[in-house]
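Listed below, chain by chain, are the residues.
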Amino acid sequence: MLKFIKHNMDTISGIEIYPIIALLIFFLFFTVLIIWVFTYKKSSLNELSKLPLQNADENEGQTNMNL
C-alpha cells in the first residue's frame, strides 16, 4: 500500500516542504509550552491546585443544607 501512496506523493511538486513545516510547528509548540510552564507564577499554580478541593468542600456544604 505504501508504494501506491509514495507514487502519488512523487507526482506532487513542492510536497517535500510539508514534513519540515510539520516538524517546525511541533517543535515550536512544545518549546513555547515548556517556556510557559517554567515561567508561570508559583502562587497561581498553588491557587489552581487547590480548586478541586475547594469545590468539593463547597458542594458538601450545599448538600448538607438541602437535607
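Residue numbering note: each chain is counted from 1, following its sequence as written. Local features in this predicted model are restricted to residues of pLDDT 70 or higher, and side-chain atom pairs are both shown and tallied only at a pLDDT of 80 or more, whereas totals for entire chains, interfaces and linings draw on every residue. As a convention, hydrogens and water are excluded, and side-chain values are obtained from all of the structure's heavy atoms.

For the protein chain, an unreviewed UniProt entry supplies the name CcoQ/FixQ family Cbb3-type cytochrome c oxidase assembly chaperone and the organism Paenimyroides baculatum.

Enquirer: For this particular structure, what's the right way to read the overall build of the protein chain?
Expert: By the criteria applied, helices consist of DSSP H or I runs no shorter than four residues and strands consist of E runs no shorter than two, each listed in order from the N terminus. If you tally the helices and strands in the protein chain, you get 3 helices and 0 strands. In the protein chain, the order of α-helices and β-strands from amino to carboxyl end is α-α-α. Each residue's exposure class comes from its accessible area (1.4 Å probe, protein chains only) as a fraction of the maximum for that residue type: buried when under 20%, exposed when over 50%, partly exposed otherwise. For the protein chain, buried positions account for 0% of its 67 residues. Only the protein chains shown count as covering a residue, and every accessible area follows the Shrake-Rupley method with a 1.4 Å probe. Here the protein chain displays about 6,800 Å² of accessible surface, and carbon together with sulfur accounts for 69% of that area.

Enquirer: Explain the confidence of the model for the protein chain to me, please; I cannot follow it from the model alone.
Expert: Residues shown with low pLDDT carry predicted positions that ought not to be read at fine detail. Here pLDDT means the predictor's own confidence in every residue, given as a number from 0 to 100. Taken over all residues, the pLDDT of the protein chain has a mean of 82, while the share at 70 or more is 79%. By mean pLDDT, the top-scoring element of the protein chain is helix α2 (residues 17-39) (95), and the lowest-scoring one is helix α3 (residues 42-66) (73).

Enquirer: Would you explain the packing of aromatic side chains in this entry?
Expert: Both the distance between ring centres and the angle between the ring planes are used here to describe each pair of aromatic rings. Side-chain rings of Phe, Tyr and Trp, where Trp is taken by its six-membered ring, are said to pair if the distance between their centres is within 6.5 Å; with planes under 30 degrees apart they count as stacked, over 60 as edge-to-face, and otherwise as tilted. The tally for this structure, following the rule as stated, stands at 3 aromatic pairs. What links up through ring pairs into an aromatic cluster is the set F26, F29 and F30.

Enquirer: I keep staring at the UniProt feature "transmembrane region" (unreviewed entry) in the protein chain and nothing clicks. Help me out?
Expert: UniProt positions are given in the numbering used here, feature names are shortened, and annotations may be inferred rather than shown by experiment. UniProt marks residues 20-40 with the feature "transmembrane region" (unreviewed entry), using the numbering shown here. Helix makes up 95% of residues 20-40 and strand 0%, with an end-to-end C-alpha separation of 30 Å.

Enquirer: What am I meant to see in a nonpolar patch on the surface here?
Expert: Patches here: salt-bridge-free residues with over 30% relative accessible area, like charges joined within 9 Å, nonpolar side chains (Val, Leu, Ile, Met, Phe, Trp, Tyr) joined within 5 Å. By salt bridge we mean one thing: a side-chain nitrogen of Lys or Arg within 4 Å of a carboxyl oxygen of Asp or Glu. Judged by side-chain polarity, L23, F26, F29, F30, L33, I34, W36, V37 and F38 come together as a nonpolar surface patch covering roughly 990 Å² of accessible area. According to the relative accessible area criterion, F26 is exposed, its value standing at 53%.

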